[in-house]
Amino acid sequence: MEKEDIKSLLEIIDQQVSSSILGGMEEQYEELEELGFITINRHSVQHSASITPLGMEFLDHD
């Protein structure tokens, strides 16, 4: 995933308290989780993502 794609998706997640995973984008969310930028909550029917402190740092440092 390109840096701008990562930043764009993190901005979407950051705008919400708990962002539902957008349809068809599970792979991108899993990649962000592997990078440590988000945490995926898999304990509900609709998985959701929350941004981590590392993800916030990535957003803050262009």
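Residues numbered from 1 in each chain as written. Predicted model: local features only at pLDDT ≥ 70, side-chain atom pairs only at ≥ 80, totals over all residues. Heavy atoms only, no water.

Visitor: What is the right way to look at the environment of S8 in this model?
Guide: Mapping S8 onto the fold places it in helix α1 (residues 3-14). Given the relative accessible area of 38%, S8 is considered partly exposed. The spatial distance from the C-alpha of S8 to the C-alpha of Q28 is 12 Å, given a sequence separation of 20 residues. (Helix = DSSP H or I, 4+ residues; strand = E, 2+ residues; numbered from the N terminus. Buried < 20%, exposed > 50% of the residue type's maximum accessible area, 1.4 Å probe, protein only.)

Visitor: It is not clear to me how the nonpolar core should be interpreted in this structure. Could you clarify?
Guide: Buried together is how nonpolar side chains tend to be arranged in soluble globular proteins. By size, the foremost hydrophobic cluster in this structure holds 12 residues: I6, L9, L10, I13, I21, Y29, L32, F37, I38, I40, A49 and L59. In terms of residues, this core owes the most to one element, α1, which gives four residues. (Core = buried A, V, L, I, M, F, W, Y, C linked by side-chain atoms within 4.5 Å.)

Visitor: Got a minute to help me understand the pairing of strand β3 (residues 48-51) in this structure?
Guide: Across a regular strand the side chains alternate sides, sitting on one face of the sheet and then on the other. Relative to β3, strand β2 (residues 38-41) runs antiparallel, the two being bridged by four bridges. In the sheet register, I40 faces β3, and the bridge partner there is A49. The loop that links β2 with its antiparallel partner β3 comprises six residues. (Pairing = 2+ DSSP bridges.)

Everything listed is a geometric property; what it means functionally is a separate question.
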